[in-house]
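Examination of the molecular architecture
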Amino acid sequence: MLSRRDILQASAAAAVLLGSGMRVGAAAATQKINQADLLRFQPVGQVTLLHFTDIHAQLVPLYFREPSVNIGVGEALGLPPHLVGKYLLDQYGIKAGTPEAHALAYPDFVQLAKDYGRLGGVAHMATLIKAIRAERPNNTLLLDGGDTWQGSYTSLATKGADMVKVMEALGVDAMTAHWEFTYGAERVKELAEGMKIPFLCGNVKDNSFGDAVFDAIKMFERGGVKIAVIGQAFPYTPIANPRYMIPDWSFGIEEEKVQEHVEAARAQGAELVVLLSHNGFDVDRKLAARVKGIDVILTGHTHDAIPAPVKVGNTLLIAPGSHGKFLARLDLQVKDKRVTDYRFRLIPVFSDAIAPDPAMAKLVDEVRAPHRAVLDKVYGRADSLLYRRGNFNGTFDDLICQAMIAEREAEIALSPGFRWGATLLPGQDITGDILYSQTAITYPNVYRNQMTGEFLKTVLEDVADNLFNPDPYYQQGGDMVRVGGLAYTIDIAKPIGQRISNMTLLRTGQPIDPAKSYAVAGWASINEGTEGPPIYDLVGKYIATQKTVKIPENRSVKVVGADQRGIAG
Amino acid sequence: MTASSQSLNRRGLSRRQAVAALGLGSVVVTLVPLSAEATPESAKKMLGDLVKAAPKAGKVQIKTQEIAENGNTVPVTISVESPMTDKDYVKEIHVVSDKNPQPGVASFMLTPANGKAEVQFRMRMAETQNVIAVAVMSDGSAWTAAREVKVTIGGCGG
């Protein structure tokens, strides 16, 4: 189905302004955004850092709803990124209903999405990057925080090769990694060694002798300033993702090693030290207070879009969201090895307002062309908003859980709390492109196991502690595991073992019996040899039988003891 | 994750593996005799039996993973601030844990000839717990540090 918006996207920015017959609201809204405004920036200093992260292989524009639940704990309580909705907008003085508000926050998502259109797309991002490079030819450094090679059908089918090609064409100067490792050690090595982009992971070592597996530091010179970029891969990759895929490598936060890299970089003459990190925002906030001498941390992993730098001591933390929705621009003046001035803008990549770069648009078409049959296949239609991101079940997760319960004849479903996956508006087709944006992983099998009530509680407690442990260094995972067929209450403020209560089997309304076994279906098991159909096939089949999908907001998880600024503000 | 029942194996309680010490020179590793299941109290009692002086916080640093990548073999490095001269050196380093089947992990006996008061070993961890180290100095004073290591089912990584 080709909508008016698709047509608008296909045409150039000039054509966006006044299509006759356009809805009044949409026309008015669209006029608020144009390419020149998105690029407007008064340059400062010698260096321009451009940063994106967690693009999750999304090559074309998409909708992505920011979380309505993102609860802060410990020292992060009440601080960004744990402010949602109006709390976030108030903190940064952003008016509700504006394009910026829509890009950053969930309120009125469906209506504003219709008004302002999709975000992201590498051809649109390429236009912005080229324009900034043209303005600052010898000053600009483009850095990718990782989670780049995974999250689409084309990345899965090419084992990341499509994204390497695109990122090289985009002119990325260095990257770090997380989901990249789920293609296995051999493939990561092959791609990393074969590409032009330095693959920096200062915290990955072989687990026998502790030797570095990848380079940690890359030195650049921009605007006469010597810049060291230190890469930091996701510290908990072998715990959060399958260990068997990278059996010989050890990760970890490795604070002392980060400090050593900073000192080595300074010894090599670095005047500006940048940590390109996939630690997650709260981990980096803690690390910034403990490791000395980092000027800028380009954060990633937790998908937070924060409209201004967060300052910890002398360190600036940048969080540019995910899925290509934003390009972060940070201009820096460096004097005597110190940042003396800076200016920042989190540029929302409003696709309708940006003329796609023709060369990149062509490359994207080439990458996707062989896979059109899968990408364009229509499984059914969304009759309600479908999304994932947030601390607890999103509606797309509920759809996946429903599918697993139906297709695997289970009583309970468990679905991982990944932070990635496109959002669908009511009325949109559920295509292969969208389905894979929610499910494209290299360990996709849907298992069916018997689990006791006691074990289920252990699982929920374990995952909850990986999200809500007050010390961010002990937060390992993504968002909370999604559940189907099961209701529970979670008290965020309690310690592990005491957070989860009132577990109820929805099918019967009966409390979960610790001693009883339940049939549980789930996907993304990190255990080798997990058997069952791939999740994308299973969910695709289920949607095809349903034809239209209407999922109400999940009411089966009751949250207590949480800071209200992180809940539906 | 999510989980499957295999994951629980990590929590299965089997006998603690012997620790391997990457010691220098005359480091002696002593496996502490079996006792009842470890608790914070039994760990404290064991340290009380091993070390006469009341340990003060400081001088000892425990370096390990915040979250174990593999609970069966968690690398731990313990270092103690000391000049390691004939007059001032670390005599003993004792390591206990407070949730494994037994609290005792290892004891290291050092001399000035070690040059550096640092030991490395790998230990098995049945579940999330504290690793506690006490160093006894040549003047009889004792210093301590503790570090929590989390053992998780894993998975669900964002």
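Note that the structure is a prediction, hence the values are computed from the model and not measured.

1. A word on the overall build of chain B
Of regular secondary structure, chain B possesses one helix and nine strands. Listing every helix and strand of chain B by position from the N terminus yields β-α-β-β-β-β-β-β-β-β. Looking at the 158 residues of chain B, the share that counts as buried comes to 44%. The long-range share in chain B, meaning contacts at least 24 apart out of those at least 6 apart in sequence, stands at 73%.

2. Notes on the environment of valine 312 of chain A
When you line up the elements, valine 312 of chain A lands in strand β10 (residues 310-312). Discounting residues that sit within four places of it in the chain, valine 312 of chain A has contacts with Arg285, Ala288, Ala289 and Leu317 of chain A.

3. A look at the sheet that holds strand β16 (residues 429-431) of chain A
As a general point, the strands of a sheet are linked pairwise by backbone hydrogen bonds and lie either parallel or antiparallel. Residue and element names in this part refer to chain A. Spatial ordering of the open sheet is given by β16-β14-β23, a layout of three strands whose pairing is mixed. Of all strands in the sheet, those bounded by a partner on one side alone are β16 and β23 (548-549). Bridge count between strand β14 (residues 378-382) and β23: two bridges; the pairing is parallel. Counted as the bridge partner of arginine 381 is threonine 548 from β23. Across the sheet, helix α18 (residues 432-439) touches β14 and β16, and the angle it forms with β16 is around 65°. Contacting β14, β16 and β23, helix α20 (residues 535-546) crosses the sheet at an angle of about 60° to β14.

4. Details of the packing of helix α10 (residues 161-170) of chain A against helix α15 (residues 358-368) of chain A
Residue and element names in this part refer to chain A. At a minimum axis separation of 11 Å, α10 and α15 run at an interaxial angle of 175°. Relative to α15, the element α10 lies roughly antiparallel. When α10 is examined against α15, the residues Asp162, Lys165, Val166 and Ala169 are found in contact with a partner set consisting of Met360, Leu363 and Val367. Considered class by class, the residues forming the contact of α10 with α15 number five nonpolar, no polar and two charged.

5. Details of the sheet that holds strand β7 (residues 118-123) of chain B
Residues and elements named next belong to chain B. Taking strand neighbours across the sheet as the criterion, the three strands line up as β3-β4-β7 in an open arrangement whose pairing is antiparallel. Each edge of the open sheet is held by one strand with a lone partner, namely β3 (60-64) and β7. Shown here is a sheet whose adjacent strand axes are inclined to one another by a mean of 20°, direction ignored. With six bridges connecting them, strand β4 (residues 74-80) and β7 associate as antiparallel partners. Among the inter-strand pairings, proline 75 is bridged to a residue of β7, identified as arginine 122.

6. Description of the pairing of strand β8 (residues 272-277) of chain A
Residue and element names in this part refer to chain A. Among the six residues in β8, six count as buried, and that is most of the element. Residues Leu272, Val274 and Leu276 of β8 are buried on one face, and the alternating residues Val273, Leu275 and Ser277, pointing to the opposite face, are buried as well. Here six bridges tie strand β6 (residues 225-232) to β8, and the two strands are oriented parallel to one another. Counted as the bridge partner of alanine 228 is valine 273 from β8. Pairing of β8 with strand β9 (residues 296-298), which is carried by three bridges, proceeds in the parallel orientation.

7. Description of the confidence of the model for chain B
Caution applies to low-pLDDT parts of the model: their predicted coordinates are not meant to be read in detail. Residues and elements named next belong to chain B. For chain B, per-residue confidence averages 80 on the pLDDT scale, and residues scoring 70 or more make up 75% of the total. Counting interchain partners and residues more than four positions distant, the pLDDT-below-50 stretch residues 1-35 has 83 contacts. Taken together, the chains of this predicted complex give a pTM of 0.90 and an interface ipTM of 0.83.

8. Side note on helix α1 (residues 40-50) of chain B
All names here are of chain B. Three or more residues of α1 are buried, namely Ala43, Met46 and Leu47. On an axial view of α1, the arc spanned by its buried residues comes to 100°, and they lie on one face. Turned more than 90 degrees from where α1 packs its buried face, Glu41, Gly48 and Asp49 sit exposed. Buried residues along α1 sit against β5 (90-97), β6 (104-109) and β8 (129-137).

Definitions and limits used
- Residues numbered from 1 in each chain as written.
- Chains lettered and ligands numbered in written order.
- Predicted model: local features only at pLDDT ≥ 70, side-chain atom pairs only at ≥ 80, totals over all residues.
- Helix = DSSP H or I, 4+ residues; strand = E, 2+ residues; numbered from the N terminus.
- Buried ≥ 20, exposed ≤ 12 C-beta atoms within 10 Å, placed from the backbone.
- Contact = placed C-beta atoms within 7 Å.
- Pairing = 2+ DSSP bridges.
- Axes fitted to C-alpha atoms, helices over the stretch in contact; angles between N-to-C directions.
- Parallel < 35°, antiparallel > 145°, perpendicular 65-115°, else oblique.
- Nonpolar A, V, L, I, M, F, W, Y, C, P; charged D, E, K, R; others polar.
- pLDDT = per-residue confidence, 0-100.
- Arc of directions from axis to C-beta.

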